[in-house]
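The lines below spell out each chain.
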Amino acid sequence: MPEDMAAGLSALIADAARVITAPAVVERLSKDFYWYSPVLKRQLQSKRGDIVVQPVDVDEVLAIARYAGEHGIPLTVRGAGTGNYGQCIPLHGGIVMDLALVDKLEGITSDGVAVCQPGLRLAALETEANKQGWELRMYPSTLAKASVGGFLAGGSGGIGSVAHGGLRDFDTVRAFEVVTMEKEPRVVLHEGAAVHEILHAWGTNGILTRIWFALTPAVEWVQVTVAFDTFEEGFLFAKEIAEGSAWTKRLVTVFEWPIPSFFTPVKQVVAQDKTLVLIMIAASQVELLRTAVIGAKGAVTFAGAYVGPRTQPLLSDYTWNHTTLWAMKADPTWTYLQAGFSPVRCMDQFRLLRKRYGKEILFHIEFMKNGESVIVPGAIPLVWFTTEERLNEMIAYCREIGVFIANPHVNYVEDGGRFRADNIQLKAKQKYDPRGLLNPGKMISFHPEVQEK
């Protein structure tokens, strides 16, 4: 019962006010942006935890994990709740552990590694890193609100990935400490290749409590938008910038029309009926970029300095999955897919999709570097939702023509994220959470131990 849990948890932490039972608050802290998916909206809108607890340090995290284990209570960890797949929504009630107050930046090393707690907001880290000559290698479009721990548990890449790859790549995540859900919970250090046991596993196999997160030297950036008459012209120009090793870039995004029409707060940068390309480029290369735009028969519609997370307008607020949010504001029938096109066959793949689905799918490309240092046309295309069957057919056809899909309309890591083929995330859950109490139901290939009576 929630009353019993409240009493038990209140005895474990320094301030009983951080044990929350108010139904409206529990409901809010049990949810993320799952409603981006009409499928998940139907499946998850009634799901919630029974109680929320907000620890402030690793000792309290350990105590809460121990309590949950002793009583067989499901425990779901929450970052900032900016995910879109229902990662932090409890399927079986129980305790929601909100890590928002475990948010200290312990320091930044001389070689540019941030040592921090999971609740630290990425915007706060970017701001502090800038003061010391560093910046984030990558961040999601939810920069202002997202936490470091939530990004590692549920994210994969973002602004900066065109230069630095995803969270899995190039030792961006150097190490972290994780609290286990064993019979006696403990803190386990993962470093080097071992971090992949826990990365992007939605908090199903450990609780992040301390993180070593690599940064990169800060660059003076300029945001530039360019209009092109056709999607093909805009895409090919963006592809050249993204792939060109001479360009210092942080973001290269392409939106076919009418996607730019959804961006009402920045309508001054949008050209009617034109494809829009958005680039963050080193300030020292802006004039070279202008020259390249002229040669490609495009038109610069905006150029302005990026001076940190509070920049206005912050054009990254319209990229990655924020694009979907703006589309849904214009018409809630829009939803999205997460895709990866072939660097070689992408034009044929675009044509095949357009021939089969017309404007049911709108192309939104986010260029990113993969772990082999190849620039790929990642994508978060918009999809006009009619039925779940039609959506699944589109996903199947994408895969048939060689387009990678991470399905954002399922609520388990095996198909909805970056589940590893070597099953090390599953093996970690078997080792660290043998009873299956951490975020149960989100790793469907896991089967809990049978407990002896």
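Treat the numbers as computed from the prediction; the structure is a model and nothing was measured. (Residues numbered from 1 in each chain as written. Predicted model: local features only at pLDDT ≥ 70, side-chain atom pairs only at ≥ 80, totals over all residues. Heavy atoms only, no water.)

A. Quick look at helix α4 (residues 58-71). In this model α4 runs 20 Å from its N-terminal to its C-terminal C-alpha over 14 residues, within 8% of the 20 Å that 1.5 Å per residue would give. Where α4 is concerned, the buried positions are E60, V61, L62, A63, I64, A65, Y67, A68 and G69. Of the residues that open α4, the one with a side-chain oxygen 3.2 Å from the backbone nitrogen of D59 is D57. Directly after α4, the chain includes G72, whose backbone phi takes a positive value near 65°. (Helix = DSSP H or I, 4+ residues; strand = E, 2+ residues; numbered from the N terminus. Expected span 1.5 Å × (residues − 1). Buried < 20%, exposed > 50% of the residue type's maximum accessible area, 1.4 Å probe, protein only. Polar contact = N/O pair within 3.5 Å; in protein donor to acceptor, adjacent residues only side chain to side chain.)

B. Focus on the side chain of S161. Position of S161 relative to the elements: it lies in helix α7 (residues 161-164). In terms of polar contacts, S161 uses its side chain to reach the backbone carbonyl oxygen of G165, at 2.8 Å. Setting aside chain neighbours within four positions, we find S161 in contact with R137, M138, G166, M368 and K369. (Contact = heavy atoms within 4.5 Å.)

C. Structural view of unusual backbone geometry. In the segment running from W257 into P258, the intervening peptide bond is cis, with an omega of 15°. Its location among the elements puts P258 in the loop between β12 (249-255) and β13 (275-282). Cis rather than trans, the peptide bond between Q312 and P313 has omega equal to -10°. Along the chain, P313 turns up in the loop between β14 (299-306) and α10 (322-330). With a phi angle near 60°, W202 is a residue other than glycine that sits in the positive phi range. On the secondary structure map, W202 appears in the loop between β9 (187-191) and β10 (207-217). Of the residues examined, W202 reaches a relative accessible area of 3% and is grouped as buried. At W320, a residue that is not glycine, the phi angle is positive and equals roughly 45°.

D. Layout of the sheet that holds strand β19 (residues 375-379). Taking strand neighbours across the sheet as the criterion, the eight strands line up as β14-β11-β13-β12-β18-β19-β16-β21 in an open arrangement whose pairing is antiparallel. Sheet topology places β14 and β21 (404-406) at the edges, where each strand pairs with a single neighbour. The average angle at which neighbouring strand axes cross in this sheet is 20°, direction not considered. In this sheet, β21 lies alongside strand β16 (residues 338-340) in antiparallel orientation, the contact comprising three bridges. (Pairing = 2+ DSSP bridges. Axes fitted to C-alpha atoms, helices over the stretch in contact; angles between N-to-C directions.)

E. Structural context of the pattern of salt bridges. All told, the structure shown has 22 salt bridges when counted by the stated rule. Between R210 and E106 there is a salt bridge; the shortest N-O distance is 2.8 Å. On the criterion of sequence distance, the pair formed by R210 in strand β10 and E106 in strand β5 (residues 105-108) is long-range, its members being 104 residues apart. Of the residues examined, R210 reaches a relative accessible area of 27% and is grouped as partly exposed. For E106, a relative accessible area of 41% puts it in the partly exposed group. (Salt bridge = Lys/Arg side-chain N within 4 Å of Asp/Glu carboxyl O.)

F. The packing of aromatic side chains, seen in detail. Under the defined criterion, the tally for this structure stands at 20 aromatic pairs. Between the aromatic rings of Y85 and W202, the centroid separation amounts to 6.3 Å while the plane-to-plane angle is 10°, which identifies the pairing as stacked. Of this pair, Y85 sits in the loop between β3 (75-78) and β4 (95-98) while W202 is found in the loop between β9 and β10, placing the two residues 117 residues apart along the sequence. Pairing F262 with W334 gives two aromatic rings, centres 6.3 Å apart and planes at 55°, and the pair type is tilted. Within this pair, whereas F262 is found in the loop between β12 and β13, its partner W334 is found in strand β15 (residues 334-336), the two being separated by 72 residues in sequence. Of the residues examined, F262 reaches a relative accessible area of 12% and is grouped as buried. Above the ring of Y397, the side-chain terminus of R356 is found at 4.1 Å from the ring centroid. Its end group placed over the ring of F446, K429 keeps NZ or CZ at 5.0 Å from the ring centre. (Phe/Tyr/Trp six-rings, centres within 6.5 Å; stacked < 30°, edge-to-face > 60°. Lys NZ or Arg CZ within 6 Å of the ring centre and 35° of its normal.)

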